[in-house]
Amino acid sequence: MTTPLLLASASPRRRQILAKLGLPYTVAVSPGDEDAAQAQYKGPNDGLAQWTAAYKALMMFSLPETADQLVVTADTTVLLDDQVLGKPRDAAHAFELLSSLRGRWHRVVTGVVVSRLVDGQLQMQGASCSTPVLMRPYSDDEINAYIASGDPLDKAGAYGIQHAEFQPTESIDGCYYNVVGLPLCTLTHLLASFDVQPVSTGCEDTACPWSARCHISAQS
Ligand SMILES: Cc1cn([C@H]2C[C@H](O)[C@@H](COP(=O)(O)OP(=O)(O)OP(=O)(O)O)O2)c(=O)[nH]c1=O
């Protein structure tokens with residue numbers, strides 16, 4: 001019997017992106033305090049997303065009802081000059097983050113973890129995908145209008161590339177889905193380790209040139 005797939009995420013974007021693979025899945029929200037956990041992290045900044053995705057998976061398996069599920073977790077970080085920009089604390093912080101990103105290349109790193117309990121042992125496969133992104137030279141007035149929309153507050157780096165009015169980015173050198181929070185080719189690669197094959201690649205670009213880059217830093 002196939003293990004049911006569970007996406008442990010509160011992110012509406014991740015829920016929409018996962019649907020593109022054509023696999024049945026349910027959703028739940030991982031318990032735990034992500035900010036407190038990240039404060040304990042001592043590794044390199046570009047490993048934080050994958051580490052946090054693993055933390056979300058561990059928290060999910062602390063719930064007994066997760067025991068028979070194949071769990072997908074993810075975390076997205078924005079790195080400017082290799083410093084992590086998290087979610088904004090408030091509107092003033094959102095303004096600060098968006099000003100610092102203006103006209104700059106930075107990286108969006110999403111870590112993905114797929115995990116399952118087998119005979120009481122947690123099997124975990126993780127990887128991360130990094131996408132360079134260039135912001136356009138938006139004005140202070142545009143930043144303020146975007147902040148007033150409320151959109152930045154739940155997003156890493158205080159922006160959503162997908163926001164139709166603000167459209168903050170000028171160029172992206174890689175996977176769009178990675179920036180929005182769930183790199184499909186990375187996830188597909190990890191699901192294959194659990195013998196799960198998507199019905200569809202989910203990606204409009206069937207010969208996605210970024211997939212090689214999206215499997216970097218894979219770890220068991
Ligand atoms: C950079 C960027 C981030 N994001 C989002 C993706 C994530 O939802 C969010 C980063 O926060 P995360 O902590 O990765 O995820 P989350 O708290 O929203 O959801 P969960 O932990 O339950 O899975 O920022 C965009 O939607 N668009 C973007 O362009």
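The numbering scheme is per chain: residues are counted from 1 as the chain's sequence reads. Reporting of local features is limited, given that this is a predicted model, to residues whose pLDDT is at least 70; pairs of side-chain atoms are given and counted only at 80 or more, and all residues count toward the totals for whole chains, interfaces and linings. Where side-chain values are given, they derive from all heavy atoms of the structure, hydrogens and water being excluded.

Re the UniProt feature "active site" (unreviewed entry) in the protein chain
Then step 1. UniProt positions are given in the numbering used here, feature names are shortened, and annotations may be inferred rather than shown by experiment. According to UniProt, the feature "active site" (unreviewed entry) maps to Asp75 in the numbering used here.
Then step 2. Under the DSSP-based scheme used, a helix requires at least four consecutive residues in state H or I and a strand at least two consecutive residues in state E, with every element numbered from the N terminus. With respect to the helices, strands and loops of the structure, Asp75 is situated in strand β3 (residues 70-80).
Then step 3. Discounting chain neighbours no more than four positions away, the residues touching Asp75 are Arg14, Glu34, Gln38, Ala49, Thr52, Ala53, Lys56, Val109, Thr110 and Gly111. Throughout, a residue-residue contact means that at least one pair of heavy atoms, one from each residue, lies within 4.5 Å.

Things to note about the nonpolar core
Then step 1. Membership of the largest hydrophobic core comes to 42 residues, with the highest contact counts inside it found for Leu98, Leu101, Val114, Tyr159, Leu187 and Leu191.
Then step 2. A per-element tally of this core places β3 first, with five residues.
Then step 3. Those residues in contact with Val114, other than ones at most four positions away along the chain, are Leu70, Val71, Val72, Gln123, Met124, Gln125, Leu187, Leu190, Leu191 and Phe194.
Then step 4. Counting five residues, the second-largest nonpolar core is a separate cluster that includes Leu6, Ala8, Met60 and Val71. Take the buried residues of types Ala, Val, Leu, Ile, Met, Phe, Trp, Tyr and Cys, join any two whose side-chain atoms come within 4.5 Å, and each joined set is a nonpolar core. Whether a residue is buried, partly exposed or exposed follows from its accessible area with a 1.4 Å probe, protein chains only, as a fraction of its type maximum: under 20%, in between, or over 50%, in that order.

Section: the UniProt feature "site: Important for substrate specificity" (unreviewed entry) in the protein chain
Then step 1. The feature "site: Important for substrate specificity" (unreviewed entry), as annotated in UniProt, sits at Arg13, Thr76 and Gln162 in this numbering.
Then step 2. In this fold, Arg13 is placed in helix α1 (residues 12-19).
Then step 3. When its relative accessible area of 16% is taken as the criterion, Arg13 is described as buried.
Then step 4. In contact with Arg13, not counting residues within four places along its chain, are Asp154, Lys155, Gln162 and Val180.
Then step 5. Once you skip the residues sitting within four places of it in the chain, Thr76 turns out to touch Arg14, Val108, Val109, Thr110, Ala156, Val179 and Gly181.

Focus: the site of the ligand
Then step 1. For this purpose, a residue is taken to be near a molecule or strand whenever a single non-hydrogen atom of the residue falls within 4 Å of it. Around the ligand sit 20 residues, and of these Ser9, Ala10, Arg14, Lys56 and Lys87 come closest.
Then step 2. In protein, a polar contact requires one atom able to donate a hydrogen and another able to accept it; more generally it is a pair of N or O atoms within 3.5 Å, and residues adjacent in sequence count only if both atoms are side-chain atoms. A distance of 2.6 Å separates an oxygen atom of the ligand from a polar atom in the side chain of Lys87.
Then step 3. Values of accessible area rely on a 1.4 Å probe in the Shrake-Rupley scheme; residue burial ignores everything except the protein chains shown. A total of 600 Å² of accessible area belongs to the ligand in isolation, and the protein chains cover 94% of it.
Then step 4. For the shell around the ligand, the secondary structure elements donating two or more residues are α1, β3 and α6 (176-180).
Then step 5. With three residues, the single largest contributor to the shell around the ligand is β3.
Then step 6. For the shell around the ligand, the residue count by class is seven nonpolar, five polar and eight charged. Note on residue classes: Ala, Val, Leu, Ile, Met, Phe, Trp, Tyr, Cys and Pro are nonpolar, Asp, Glu, Lys and Arg are charged, and everything else, Gly too, is polar.

Re helix α7 (residues 184-192)
A turn of α-helix holds 3.6 residues, and therefore any two residues three or four places apart point the same way.
Then step 1. Within α7, burial applies to Leu184, Thr186, Leu187, Leu190 and Leu191. All buried residues of α7 fall inside an arc of 160° around its axis, so they share one side.
Then step 2. Those residues of α7 that are buried lie in contact with β1 (5-8), α1, β3, β5 (105-118), β6 (121-135) and α6. Each direction from the helix axis to a C-beta atom contributes to the arc, which is the arc of those directions.

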